[in-house]
Amino acid sequence: QVQLVESGGGGVQAGGSLRLSCAPSRTTFSIYAMAWYRQVLGEQRELVARIQIDGSTDYAESVKGRFRISRNKARDTVFLQMDDLKPEDTAVYYCKMTSRTSDYWGQGTQVTVSS
């Protein structure tokens, strides 16, 4: 079974930056879309950013202009560059990859932004 491994989370002060990465534990075929979600305790998981097979992207309104999603197609790796971080960005971030047959989820990585 394919597992998605996340890295890059941690603590940062407001205005700082972090870069999240997510990659499968082994080679995966037919990945068509990749995305990042986040979830705050007691709240519903929300879509943060998504990139399609053609490279098109979309973002949650709250992160537009501050976050950027990108990918390394050869290695099925997805990144989330987060700049000008705010305390309200504090959450557990999850990556997701969609294939023709399945959705794959990462285990989540904590991002904490302090004032």
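Quick note: structure is the one above.
Residues numbered from 1 in each chain as written. Predicted model: local features only at pLDDT ≥ 70, side-chain atom pairs only at ≥ 80, totals over all residues. Heavy atoms only, no water.

Caption draft 1: Layout of the packing of aromatic side chains. For the coordinates displayed, the defined rule picks out one aromatic pair. Taking 5.0 Å as the distance between ring centres and 55° as the angle between the ring planes, the aromatic pair formed by tyrosine 37 and tryptophan 105 counts as tilted. In this pair, tyrosine 37 sits in strand 4 (residues 31-39) while tryptophan 105 sits in strand 10 (residues 103-105), placing the two residues 68 residues apart along the sequence. With a relative accessible area of 33%, tryptophan 105 lands in the partly exposed category. One cation-aromatic arrangement involves arginine 19 over phenylalanine 79; the distance from NZ or CZ to the ring centre is 4.4 Å. In this structure, arginine 45 is placed above the aromatic ring of tyrosine 94, and the distance from its NZ or CZ to the ring centre is 3.8 Å. (Phe/Tyr/Trp six-rings, centres within 6.5 Å; stacked < 30°, edge-to-face > 60°. Helix = DSSP H or I, 4+ residues; strand = E, 2+ residues; numbered from the N terminus. Buried < 20%, exposed > 50% of the residue type's maximum accessible area, 1.4 Å probe, protein only. Lys NZ or Arg CZ within 6 Å of the ring centre and 35° of its normal.)

Caption draft 2: The pattern of salt bridges, seen in detail. For the structure shown, the criterion picks out six salt bridges. One salt bridge connects arginine 38 with aspartate 89, and the closest N-O pair in it is separated by 3.0 Å. On the criterion of sequence distance, the pair formed by arginine 38 in strand 4 and aspartate 89 in the loop between strand 8 (77-82) and strand 9 (91-99) is long-range, its members being 51 residues apart. Neither residue differs from the other here; arginine 38 and aspartate 89 are each classed as buried. Its salt-bridge partner being arginine 66, residue aspartate 89 comes within 2.8 Å of it at the nearest N-O pair. Placement of the pair is aspartate 89 in the loop between strand 8 and strand 9 and arginine 66 in the loop between strand 6 (57-59) and strand 7 (67-72), with a sequence separation of 23 residues. Here the two residues aspartate 89 and arginine 66 agree in accessibility, since each one is buried. (Salt bridge = Lys/Arg side-chain N within 4 Å of Asp/Glu carboxyl O.)

Caption draft 3: Molecular detail of the state of the cysteines. Enumeration according to the criterion identifies one disulfide in this entry. The disulfide that involves cysteine 22 links it to cysteine 95, with 1.9 Å between the sulfurs. Because the torsion about its S-S bond is 45°, the bridge between cysteine 22 and cysteine 95 counts as right-handed. One end of the pair, cysteine 22, is in strand 3 (residues 18-24); the other, cysteine 95, is in strand 9, and 73 residues separate them in sequence. Accessibility classification places cysteine 22 together with cysteine 95 in one group, the buried group. (Disulfide = S-S within 2.5 Å.)

Caption draft 4: Geometry of the sheet that holds strand 3. Spatially, four strands are ordered 1-3-8-7 in an open sheet, and the strand pairing comes out antiparallel. Lying at the two open borders of the sheet, with one neighbouring strand each, are strand 1 (4-7) and strand 7. Each neighbouring strand pair of the sheet contributes to a mean axis angle of 15°, computed without reference to strand direction. (Pairing = 2+ DSSP bridges. Axes fitted to C-alpha atoms, helices over the stretch in contact; angles between N-to-C directions.)

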